[in-house]
Amino acid sequence: MYWEKDIETLGRDSLNKLIIDRFNHALERASKSLFYTKRLNEVAIKPGNIKNFKDISNIPFTTKQDLRDNFPYGLLTMPLDNVIRMHSSSGTTGNPTVIFHNQNDINQWSNLLARSLYMAGVRKSDIFQNIMGYGLFTGGLGFHYGAEKLGSLVIPIATGNSDRQLWFMKEFKTTVVHFLPSYALRLHMHFNDQNIKPEDLHLKIACIGAEPHTEETRKKIEELYKIMAYNSYGLSEMNGPGVAFECEYQNGMHLWEDNYYMEIINPDTGEVLPDGEEGELVLTTLMREAMPILRYRTRDLTRIISEPCKCGRTHRRIDRIKGRTDDMLIINGVNIFPMQIEKKLMSISEVGHNYLIEIRKDNFLDKISITVEISNEHFKPNENQSLHHKITELLKNEIGVNPIVNLVASGSLPEFQGKADRVKDLRLIN
Ligand code: AMP
Ligand code: ZN
């Protein structure tokens, strides 16, 4: 049932002791980099100074801007001779944030993914089709190494060519897939073209993540493919996937506390919040050698679930990511998260696979329009009035403002290369 029983079920006191111990080691390693030598000197913090969790709050946060300002090698702790891999985040503006790994880092990371996959029920006997971008993006190679370590047969097919993806699934009897939730929905549109039913495939498990999605989207994917879908969370700054993952109970993601120290803070004040309160997730790499990062502000909003999990793992869980601190929309003074819209849309059976949110300024007022794809069986051009009314009302009740809803046929909206980008804020342009 466990990949590493001892560490996954370690008692809370021992786990806390381990975290403090590893935090001091992380400080020691971090202070070998130019960036942290300066940072830690400024606040007079030395390795060994951390005696309890409260002491940690004296260490300054690290932000994405810090990584950019010290690009490319400012956080590196060792000669490049010992560095074997680089990855980078999917951001499109400014210097990319790059992360370096030595051999131990890659081993640790692969092990965390093997542990996560095993927790979701993946075994040696599985055939794992990795439908994720290989290359600088961490989703492809991260899972690839993890699934290999676990011993599954890995198909490194990467993204693209949906018909070929389905052909591979059929011919090689793929049992586990890893894909973006937005792509999972899109790929399903090809089932019809190829006359495939979920029963024709051998799929059991999907790992979905790397982008925000709702419980309703997960359910939709599970129903469309007739499988179990597990949420996977990570970010390049913390290696990538393998930071937090769902267990069989699918009720929050166990965050691997032996490798990452987690805190939730108030994003406005930086104050550390107690377990259960929602705020911004802050993470520290406890084991990374080449490029440790202390108290990294992820900008992801969630809360810590500290109640024990039925699976017996002691590592606390984080709730599904609600959004990012920077993706809240303010529409005529009303705060809206795109995930609220997705949640409603994906609970409506007639809704297809995609949607787009656009915000414009019209006569000094913000207008939000939501274009929604309707599945082929329910889309009737010019006869969608009652469906239109139903969707508009449901959305209005959820978000508290009146949206302009457009219903379009399945496949009408532009497709994404990589992670879904479904919000266009055009207010600054007009
Ligand atoms: P990147 O470093 O480019 O892979 O992007 C990492 C970001 O993707 C995270 O900070 C989150 O905002 C988002 N992300 C990753 N996994 C999830 C997930 N399971 N749910 C929601 N957002 C996610
Ligand atoms: Zn669990």
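Engineer: Tell me about the coordination of the zinc ion (ligand 2), and please be specific about residues and values.
Structural biologist: Protein coordination at the zinc ion (ligand 2) comes from Cys247 (SG), His254 (NE2), Cys309 (SG) and Cys311 (SG), with a distance range of 2.1 to 2.3 Å. Its four donor atoms give the zinc ion (ligand 2) angles of 99 to 118° at the centre, a pattern that matches the tetrahedral case. Mapped onto the polypeptide sequence, the residues donating to the zinc ion (ligand 2) form the spacing pattern C-x6-H-x54-C-x1-C. Of this pair, cysteine 247 sits in the loop between strand E8 (240-246) and strand E9 (253-255) while cysteine 309 sits in the loop between strand E13 (304-305) and strand E14 (317-318), placing them 62 residues apart in sequence.

Engineer: Would you mind going over the environment of glycine 411 in detail, with residue names and values included?
Structural biologist: Assignment of secondary structure puts glycine 411 in the loop between strand E20 (404-409) and strand E21 (423-425). Judged by its relative accessible area of 43%, glycine 411 is partly exposed. Counting along the chain gives 37 residues from glycine 411 to isoleucine 374, while the straight-line C-alpha distance between them is 9.0 Å. With residues up to four places along the chain from it excluded, the contact list for glycine 411 reads Met189 and Glu373.

Engineer: Run through the sheet that holds E13, naming residues and quoting values.
Structural biologist: In a beta sheet, neighbouring strands pair by backbone hydrogen bonds and run either parallel or antiparallel. Read across the open sheet, the nine strands follow the order E4-E3-E5-E6-E7-E8-E9-E14-E13; overall the sheet is mixed. In this open sheet, the two edge strands, each paired with only one partner strand, are strand E4 (153-155) and E13. Pairing geometry for strand E6 (residues 205-209) and strand E7 (residues 228-235), over five bridges, is parallel. Bridge pairing in E7 links alanine 206 to alanine 229. Against the sheet, helix H10 (residues 215-225) contacts strand E5 (176-179), E6, E7 and E8, and its axis sits at roughly 135° relative to E7.

Engineer: Outline the domain arrangement of the chain, supporting the account with residue identities and numerical values.
Structural biologist: When cut into domains, the chain gives domain 1 (1-325) and domain 2 (329-425). Counting from both sides, the interface comprises 21 residues of domain 1 and, opposite them, 18 residues of domain 2. Carbon and sulfur atoms make up 60% of the area that domain 1 and domain 2 hide from each other, which totals about 1700 Å². A per-residue breakdown of the area domain 1 buries against domain 2 is headed by Arg186, Glu216 and Lys220, which together make up 30% of the total.

Engineer: So, the side chain of arginine 316: which residues are in play, and what are the values?
Structural biologist: Mapped onto the fold, arginine 316 is located in the loop between E13 and E14. Judged by its relative accessible area of 15%, arginine 316 is buried. There is a polar contact of 3.0 Å between the side chain of arginine 316 and the side chain of aspartate 275.

Engineer: Hey, could you go over the pairing of strand E2 (residues 98-102) for me, with residue numbers and the actual values?
Structural biologist: For E2, the buried fraction is high: five of the five residues fall into the buried class. Side chains Val98, Phe100 and Asn102 of E2 all project onto a buried face; the interleaved residues Ile99 and His101 project onto the opposite face, where all are buried too. Of the strand pairs in this sheet, strand E1 (residues 83-88) and E2 are connected by five bridges, and their pairing is antiparallel. In the sheet register, serine 88 faces E2, and the bridge partner there is valine 98.

Engineer: Quick one: what's the story with unusual backbone geometry, residue by residue and with numbers?
Structural biologist: What is expected of a backbone is that most residues other than glycine have negative phi and most peptide bonds are trans. Looking along the chain, the bond that leaves phenylalanine 71 and enters proline 72 is cis, with omega of -5°. You can see proline 72 is positioned in the loop between helix H5 (64-69) and E1. Phi is positive for lysine 226, which is not a glycine, with a value near 55°. Relative to the assigned elements, lysine 226 resides in the loop between H10 and E7. Backbone geometry places asparagine 239, a non-glycine residue, at a positive phi of 90°. Looking at the element boundaries, asparagine 239 is found in the loop between E7 and E8.

Engineer: Could you give me a rundown of the nonpolar core, with the residues and numbers involved?
Structural biologist: Judged by nonpolar contacts, the single largest core of 69 residues is most densely connected at Tyr233, Leu283, Ile293 and Ile318. The element contributing the most residues to this core is helix H6 (residues 103-119), with eight residues. Those residues within four positions of tyrosine 233 in sequence are excluded, and the remaining contacts are Gly240, Pro241, Gly242, Val243, Ala244, Met253, Leu281, Leu283, Thr298, Asp300, Ile318 and Ile321. In terms of nonpolar packing, the next biggest core, distinct from the first, is built from 49 residues, Ile131, Leu166, Tyr183 and Ile370 among them.

Engineer: I'd love a proper account of the packing of aromatic side chains, names of residues and values included.
Structural biologist: Enumeration according to the criterion identifies 12 aromatic pairs in this entry. Ring plane angle 85° and centroid distance 5.7 Å describe the contact between phenylalanine 23 and tyrosine 261, whose orientation is recorded as edge-to-face. Residue phenylalanine 23 is found in helix H2 (residues 12-30), and its partner tyrosine 261 is found in strand E10 (residues 260-265); the two are separated by 238 residues along the sequence. Taking relative accessible area as the criterion, phenylalanine 23 reaches 0% and is therefore assigned buried. The class for tyrosine 261 is buried, based on a relative accessible area of 7%.

Definitions and cut-offs
- Residues numbered from 1 in each chain as written.
- Chains lettered and ligands numbered in written order.
- Predicted model: local features only at pLDDT ≥ 70, side-chain atom pairs only at ≥ 80, totals over all residues.
- Heavy atoms only, no water.
- Donors = N, O, S within 2.8 Å, 3.2 Å for Na, K, Ca; no water.
- Tetrahedral: all angles 85-135°; square planar, octahedral: opposite > 155°, others 65-115°.
- Helix = DSSP H or I, 4+ residues; strand = E, 2+ residues; numbered from the N terminus.
- Buried < 20%, exposed > 50% of the residue type's maximum accessible area, 1.4 Å probe, protein only.
- Contact = heavy atoms within 4.5 Å.
- Pairing = 2+ DSSP bridges.
- Axes fitted to C-alpha atoms, helices over the stretch in contact; angles between N-to-C directions.
- Domains from an automatic or database assignment.
- Buried area = accessible area lost by both parts, 1.4 Å probe.
- Polar contact = N/O pair within 3.5 Å; in protein donor to acceptor, adjacent residues only side chain to side chain.
- Core = buried A, V, L, I, M, F, W, Y, C linked by side-chain atoms within 4.5 Å.
- Phe/Tyr/Trp six-rings, centres within 6.5 Å; stacked < 30°, edge-to-face > 60°.

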